[in-house]
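Now for the letters of each chain:
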Amino acid sequence: MIKKVTCIICILLTLCGCSQEEKFGIEQFVSRINEQFETTYNTSDFMLGTDRNDKRYLFCDNDYGFTALSLDSDNSIIGVGLLVNESMDTNTAINTFLNFCCIFTGNDRLSQQEILIQCRITTDTIKYADNNTVITVGKYKYTVVCNEYSVTLFCDRV
């Protein structure tokens, strides 16, 4: 009897658990963002790169801006970034970054939008002028790097 009760409890805990795993790769990222936000990303659009410290990144350059996804040793995404230049619309860039953050953090759009407002990542505060901001909210660090030519937005797991 105890085995049956334990088995039922385990099944219920499994079914009631989180629907999306915390760590996921490029295929899941692309699939989720395309489903939830009706975008047209392809995994083949991303190129793999490494920095001088052998940290690995996936890069994609398209109409939304220059996207960078940082990876851990298991190819799971540990950070998302978006770089836009002055020829791109800041509002569109922030909405794209909002979508990236929703997929990455697992937050719904309204909750994530509130976090970005709390971090002062809005069209009113992001300008093409020298300015840098780093704010940690929960287990995510939000970074904004601005200059007269570009704005770069990052969200990294701490």
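Residues numbered from 1 in each chain as written. Predicted model: local features only at pLDDT ≥ 70, side-chain atom pairs only at ≥ 80, totals over all residues. Heavy atoms only, no water.

1. Observations concerning the state of the cysteines
Just so we agree on the cut-off: Only a pair of cysteine sulfur atoms within 2.5 Å qualifies as a disulfide here. Only protein chains enter the accessibility calculation, which uses a 1.4 Å probe; a residue whose area is less than 20% of its type maximum is buried, one above 50% is exposed, and one in between is partly exposed.
In total, this model carries 0 disulfides according to the counting rule given. Take Cys101: it sits in no disulfide, and the sulfur closest to it among the cysteines is that of Cys155, at 4.1 Å. We classify Cys101 as buried; its relative accessible area is 0%. No disulfide involves Cys119; its sulfur sits 8.6 Å from that of Cys155, the nearest cysteine.

2. Here's the deal with the sheet that holds strand β3 (residues 65-71)
Operational definition: A pair of strands is considered paired only if DSSP assigns at least 2 bridges between the two. Numbering of helices and strands runs from the N terminus, with a helix taken as a DSSP run of H or I at least four residues long and a strand as a DSSP run of E at least two residues long. Note on definitions: angles span 0 to 180 degrees between N-to-C directions of axes, and those axes are lines fitted to C-alpha atoms, for helices only across the stretch in contact. We call two residues in contact when some of their heavy atoms are within 4.5 Å.
Strand order in the open sheet formed by 7 strands is β1-β2-β3-β4-β7-β6-β5, with antiparallel pairing between adjacent strands. On the outer flanks of this sheet lie β1 (47-50) and β5 (131-137), each paired with one strand and no other. Averaged over all neighbouring strand pairs, the angle between strand axes comes to 20°, with direction disregarded. Judged from the 7 bridges that link them, strand β4 (residues 77-85) and strand β7 (residues 150-157) form a sheet pairing that is antiparallel. Counterpart to Val84 in the pairing with β7 is Val151. Running over the sheet, helix α3 (residues 90-105) touches β3, β4, β6 (140-146) and β7 and is turned about 175° from β4.

3. Topic: the packing of α3 against helix α4 (residues 109-118)
Rule in force here: Crossings are classed by handedness, with left-handed meaning an anticlockwise turn of the near helix from the far one by less than a right angle and right-handed meaning a clockwise turn. Side-chain classes are defined by residue name, with Ala, Val, Leu, Ile, Met, Phe, Trp, Tyr, Cys and Pro counting as nonpolar, Asp, Glu, Lys and Arg as charged, and the others, Gly among them, as polar.
The N-to-C vectors of α3 and α4 enclose an angle of 115°; their axes lie 9 Å apart at closest approach. Here α3 and α4 pass one another in a crossing that is right-handed. Contacts from Asn95, Phe97, Leu98, Asn99, Cys101, Cys102 and Thr105 of α3 reach α4 at Arg109, Gln112, Gln113 and Leu116. Each residue belonging to the contact of α3 with α4 can be placed in one class, and the counts come to 5 nonpolar, 5 polar and 1 charged.

4. Side note on the packing of aromatic side chains
Put simply, the rule is: In this scheme Phe, Tyr and Trp rings, the latter by its six-membered ring, pair at centre separations within 6.5 Å, and the angle between planes marks the pair as stacked below 30 degrees, edge-to-face above 60, and tilted otherwise.
Within this structure, the stated rule accounts for 6 aromatic pairs. Three or more aromatic residues joined by ring pairs make a cluster, and in this case those are Phe29, Tyr41, Phe46 and Phe100.

5. What about the packing of helix α2 (residues 26-37) against α3?
Condition: Comment on the angle field: the value is read as roughly parallel under 35 degrees, roughly antiparallel over 145, roughly perpendicular from 65 to 115, and oblique elsewhere.
Closest axis-to-axis distance for the α2/α3 pair is 10 Å, and the angle between their directions is 120°. Judged on the interaxial angle alone, α3 and α2 are oblique. At the point where α2 passes α3, the crossing takes the right-handed sense. On α3, the residues touching Phe29, Arg32, Ile33, Gln36 and Phe37 of α2 are Asn99, Phe100, Cys102 and Ile103. Residue composition of the contact of α2 with α3, grouped by class: 6 nonpolar, 2 polar and 1 charged.

6. Comments concerning the pairing of β6
When you tally the buried positions in β6, you get 5 out of 7 residues, the bulk of the element. When β5 meets β6, the two strands line up antiparallel, connected through 7 bridges. Among the inter-strand pairings, Val137 is bridged to a residue of β6, identified as Tyr140. A loop of 2 residues connects β5 with β6, the two strands running antiparallel in sequence, and Gly138 in this loop sits at a positive phi of about 65°.

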